[in-house]
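As a plain string of letters, each chain reads:
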Amino acid sequence: MQKLESFSLVQKETSTNTLLNTLRCRLRPGELAVEAFLFLAAVISIFVTIGIVYVLGVETWSFFGRINWEDTNKQLAQPVGPADTRLVVTESGSPIPVGAIIRLDDEIMQVTAVKGNQLAVQRGQENTLPAPHKEKLDIYEGERVVLWEFFTETRWEPQIGNFGVLPLLNATLMTSAIAMLVALPLGLAAAIYLSEYAGPRTRSILKPVLEVLAGIPTVVYGYFALTFMTPLLRMIFGDDVVQIYNTASAGIVIGILVIPLVSSMSEDALSAVPRALREAAYGLGATRLETVLQVVLPAAASGVTAAFIVAISRAIGETMIVAIAAGAGPNFTFNPFEAAETMTGHIVRISGGDLSYDSIDYNSIFAIGLTLFALTLTLNIISRYVVAHFREEYE
Amino acid sequence: MNRVSTFPQESQLRRLLARRKRIGWLWQVVFLLATILVVLSLIVLLYNIVVGAFGYVIVQDKVSPQEIVQTYTDTPEAALHTLSADQYRFILEQNLSKGLLRRLNSEAPLTERSREELYRLVVERVVKPRVVQSYSLVDSIFERDKIFAEAAALPHSRVEFRRWLNLDFLTGKQASVPELAGVRTALLGSLWVIAITVVVALPLGVAAAIYLEEYAAVVANPWLRRLNAVIQTNINNLAGVPSIIYGILGLAIFVRGLEAFTSGAAFGATADGATANGRTIMSAGLTLALLILPIIIINAQEAIRAVPQSLRQASMGLGATRWQTIWHHVLPSALPGILTGTILSVSRALGETAPLVVVGASTFITIDPDGPFSKFTTLTIQIYQWTARPQDEFRNIAAAAIIVLLVLLLTLNAAAILLRNRYSRRLV
Amino acid sequence: MNNGTYAIELQNLNCYYETFRAVKDVNLQVKRNRITAFIGPSGCGKSTVLRAINRMNDLIPGARVEGQVLFKGQNLYDPAVDPVEVRRRIGMVFQKPNPFPKSIYENVAWGARINGFKGNMDELVEQSLREAALWDEVKDKLHQSGLSLSGGQQQRLCIARAIAIRPEIILMDEPASALDPIATLKIEDLMRELVKNYTIIIVTHNMQQAARVSDYTAFFMMDRADRAGMLVEFNETGKIFTNPTDRRTEDYITGRFG
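None of these values were measured; they are calculated from a predicted model.

K.L.:
What is the right way to look at the overall build of chain B in this model?
P.N.:
The helix and strand tally for chain B stands at 18 helices and 3 strands. What you see for chain B is a C-alpha radius of gyration of 31 Å, clearly larger than the 22 Å of a compact globule of 428 residues, by over 25%. For chain B, the C-alpha atoms occupy an extent of roughly 115 × 80 × 40 Å along the three principal directions. A buried classification covers 47% of the 428 residues belonging to chain B. Considering only intrachain contacts with a sequence separation of at least 6, the fraction spanning at least 24 residues in chain B is 73%. For chain B, the exposed area adds up to about 20700 Å²; of that, 60% sits on carbon and sulfur atoms. Computed over 40 positive and 29 negative side-chain charges, the inter-centroid distance for chain B is 16 Å.

Structure below.
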């Protein structure tokens, strides 16, 4: 009773206003604030992406911009003043070519001409100030990390000025290729078995097995690679053929890691094929295999392809397995039984040690990270495109 | 009509069909074998871990107990563990350096320690048993004789069956020798990191999901619509970024850029003497939060989408505002689904290693973390460190730590499944 | 021996889904080179009976058939009989057009190829498409996807696909229900043409269609007591529609229920 009265009271109050007024849009600040907060939460994801691109970009920029100094073993033969443009250097050491950038103490100069032991230089380059230098001062020659060299040089030895990402990239592609050789046939076969052959009981056992396999942390797979797969390979091929750390073992185990991904995505694609299509094939007297391989699989091709691409991207980005089992130290090789460091493995090894900011190592992990990010993002976008544009439309 | 009919004869057709069926059968076997191989690889993986965590070890004493008894007591036939407290104290005083004795005395005077405690000290500091060789469970079973023969050839040594996964392992601190090392520090580190991850990622993730599901669809402004579409695509793409990239992001942003904040300096909390700079639990937690944010969003979106439209309409029909509808009806219905998704994301974060290495997990600390600004190590980092060591015994404790990790993950997943089952029952 | 005149004989046919009996005690003789229509209200089991004829029900988990389906005197449910072989001889066209996501040419050629066809494939494809009255519309785009055709064309493509393997019987499960009236008319004309070479059994909801195209009509309905479908009356189409013997048939065709 009490409630009813108070309710009618409210109505009486509003009835003095016009009807339009009671129905008019009201500003609800609380609602707006909540919506604004929710919106900001959603926008954070954009900031994360921008953050990734910005951080990788900036540090990569300074990686390519930086000059790496090497001792020429030459010294100043005579002291120079701040205004001198002519240097006299000692005989010893490696020759300095025209156009080279050299450094004396903190000052950077560019060599414009060379005549015997005399160098003509432009003083105060790269925002440094001309200063007087004493006799016997060591001369360093600078070398820039060049983008072109980054992708063509086959050695990665930052300490002596070789910055070729190829050995790391090559090892990454090797482990990924081996992984795909394992994961594609097995994952697809398991998907076909699950979606086309297995009864509900078998499925109810197999699906959780795949889920468990997908839920195991990668560091555990790393342990598996090193303590099981490698000894197995060494047993089969011989200890002198297979090194303790090798890309084959890491690759095979990455393959096992991505099998659940391949099989679950492929199975989704296969079971999305309408039953009518299967019935049409059976109605023509096709056997189950003919139906599966020649009708269902082609109809699911876009989904299966997308699964493969995502799996490749996952394999390329996989870190702990290669960090544990593929070996440390860049090695440009095509032999899967040799140790070779991958891009991700390199990042983990470098950053696992004491890493000082702005060192060449610090910058290099960003340059490698950017390569990795570009590679995986491209693959993910391609897979999305494949699904969206090559899907067969059924009613 | 002149009808084409070049189909084979009946008998030929029969043979052809028999062949087609044979091929079909063959491939079915191939598919089945491939599936079995996949199952087998899981079994072998688990088996390999269990086998590594248990097995015989050959323990060698630096000094044999009998020799100690003979040298320092007048009862040469007595066993070491039967001596008196005074005898143990005498042995310790004779064998340990002055500095060590002083340290032990300052912790708790030897004279006040119990007999058992002193006995443990004698074993630990004087006898110094060391595992010199360890065997997997399989070797322990099948090559028992060889192992015992090998032990017999070593002086002061014996064979023991060791469960590397034991209570001491769970509660023990990090140590440089495998048989004394434990995972307590790492376990606490993992829990601290995960706590921060969840506290940050869960509200943000759910909020973003609510926005995308409940608000984005009714936006009229074309620019905002486009932005919403970009956000959605972006989240899907972020979910596919390799975890190590998040580590690099965390290194640049949290460890370095926000060092004042993540090291705790901004709050006047320089936790332990050794400054952790930005390489703290806080940085690790935030990094993992960014990593699982897209996964939480996607899962929460699915859970929210599963809430029937009729519920929203009923609520709106009663004059509830959008937020009232969400808060009172949509969220409660979607909560079990959101929690299931969150638990699964958390188990993903718990298993991550690479981003933590990059963010700067400590490889060797013995002090338990005491807050978000401590240095840290985690279970996965320890597994990585121990696996990467060349000595077999470290592999054994890596296996033991893996079992701890897997049990933890299994518990989480079981919780998620229970939640899902209760939820789906309620819907029916 | 009546083997010469009957294409299919159903004897005491019972169909089950798990424990539920969907169709009970159907006895029916389908004449060679005639169109037989199955009509009846929804859920009366007519599609189930049709799918039992070429053992399509085998593909549904839990489905089971008792009784006999005689094809040239041979029981198709004999354990020794291979369902794949059955379906090659008894083709099927489905309710919704379901071309394979392959080219028009491949759609027609595929069935023949897996069944060991050795002759001139181009000729077979052309002839099948001609028989399905589709040739003129697609002869210039044989290598386009079968899915690019209109609904009616897709259904005729499915018919061409079915007759390319030269079955003896074609089962049609409401082949025109998803099509517009003009496309439906084309399919009906086509059926009258095809019946010269094939025996056709068609399930339809549409009584006018049954009256127009079929020679014989079987009326099915659901038994109220146990919800199982049963055959009520089977006779020449003219008789069924003008002078049914069963009261229930009359009620149905005059639109009093269903």
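K.L.:
So what exactly am I meant to see when it comes to the interface of chain A and chain B here?
P.N.:
Reports of interface size often rely on the accessible area that becomes lost once the parts have come together. With 77 residues of chain A at the contact, the number on the chain B side is 74 residues. When the two sides are added together, the surface that chain A and chain B hide from each other amounts to roughly 6600 Å², 76% of it contributed by carbon and sulfur. Contact with chain B buries area across many residues of chain A, yet Leu 38, Tyr 223 and Tyr 357 of chain A alone supply 10% of it, more than any other trio. For the salt bridge of Glu 290 of chain A with Arg 20 of chain B, the shortest nitrogen-to-oxygen distance reads 2.7 Å. One can count 9 residue pairs in polar contact (both at pLDDT 80 or more) joining chain A with chain B. Its residues placed into classes, the side of chain A that touches chain B shows 53 nonpolar, 16 polar and 8 charged.

K.L.:
How do you make sense of the sheet that holds strand E2 (residues 129-134) of chain B when you look at a structure like this?
P.N.:
Within a sheet, each strand pairs with its neighbour through backbone hydrogen bonds, oriented either parallel or antiparallel. Residue and element names in this part refer to chain B. Strand order in the open sheet formed by 3 strands is E2-E1-E3, with antiparallel pairing between adjacent strands. Single-partner strands in this sheet number two, and they are E2 and strand E3 (157-163). For this sheet the average axis-to-axis angle between neighbouring strands, irrespective of direction, equals 40°. Across 7 bridges, strand E1 (residues 54-61) lies against E3 in antiparallel orientation. Paired with Tyr 56 across the strands is Phe 161, a residue of E3. Sitting on the sheet, helix H7 (residues 144-153) touches E1, E2 and E3, and the angle it makes with E1 is about 10°.

K.L.:
Mind showing me how you'd approach the interface of chain C and chain A here?
P.N.:
On the side of chain A, 21 residues touch chain C, which itself brings 26 residues to the contact. Both faces combined, the contact of chain C with chain A buries some 1900 Å², and carbon together with sulfur accounts for 65% of it. Three residues, Pro 101, Trp 110 and Ile 114 of chain C, lead the burial of chain C against chain A; their summed loss comes to 27% of the area buried on that side. Residues Arg 51 of chain C and Glu 279 of chain A are paired through a salt bridge, measuring 2.5 Å at the closest nitrogen-oxygen approach. The interface formed by chain C and chain A holds 5 residue pairs in polar contact (both at pLDDT 80 or more) in total. Mapped by element, the contributors of at least two residues to the side of chain C that touches chain A are helix H2 (83-89), strand E6 (90-93), helix H3 (104-114) and helix H6 (151-163) of chain C.

K.L.:
Would you explain the confidence of the model for chain A in this entry?
P.N.:
Segments scoring low in pLDDT should not have their predicted coordinates read at a detailed level. Across chain A, the average pLDDT comes to 85, with 91% of residues at 70 or higher. Taken as a whole, residues 1-14 of chain A scores under 50 in pLDDT and shows 1 contact with residues more than four places along the chain or in a different chain.

K.L.:
I tried to follow a negative patch on the surface on my own but got confused; where do I start?
P.N.:
Residues and elements named next belong to chain A. A cluster of acidic side chains, namely Glu 70, Asp 71, Asp 138 and Glu 143, defines a negative patch on the protein surface. Among the secondary structure elements, those contributing two or more residues to the negative patch are strand E1 (67-75) and strand E6 (138-144). As for its position among the elements, Glu 70 is in strand E1. Classification of Glu 70 by relative accessible area gives partly exposed; the value is 35%.

Cut-offs and rules
Residues numbered from 1 in each chain as written. Chains lettered and ligands numbered in written order. Predicted model: local features only at pLDDT ≥ 70, side-chain atom pairs only at ≥ 80, totals over all residues. Heavy atoms only, no water. Helix = DSSP H or I, 4+ residues; strand = E, 2+ residues; numbered from the N terminus. Rg over C-alpha atoms; globule rule 2.2 N^0.38 Å. Buried < 20%, exposed > 50% of the residue type's maximum accessible area, 1.4 Å probe, protein only. Contact = heavy atoms within 4.5 Å. Areas by Shrake-Rupley, 256 points an atom, 1.4 Å probe, with all protein chains shown as cover. Lys, Arg positive; Asp, Glu negative; His and termini not counted. Charge placed at Lys NZ, Arg CZ, Asp CG, Glu CD. Buried area = accessible area lost by both parts, 1.4 Å probe. Salt bridge = Lys/Arg side-chain N within 4 Å of Asp/Glu carboxyl O. Polar contact = N/O pair within 3.5 Å; in protein donor to acceptor, adjacent residues only side chain to side chain. Nonpolar A, V, L, I, M, F, W, Y, C, P; charged D, E, K, R; others polar. Pairing = 2+ DSSP bridges. Axes fitted to C-alpha atoms, helices over the stretch in contact; angles between N-to-C directions. pLDDT = per-residue confidence, 0-100. Patch = residues over 30% accessible without salt bridge, like charges linked within 9 Å, V, L, I, M, F, W, Y side chains within 5 Å.

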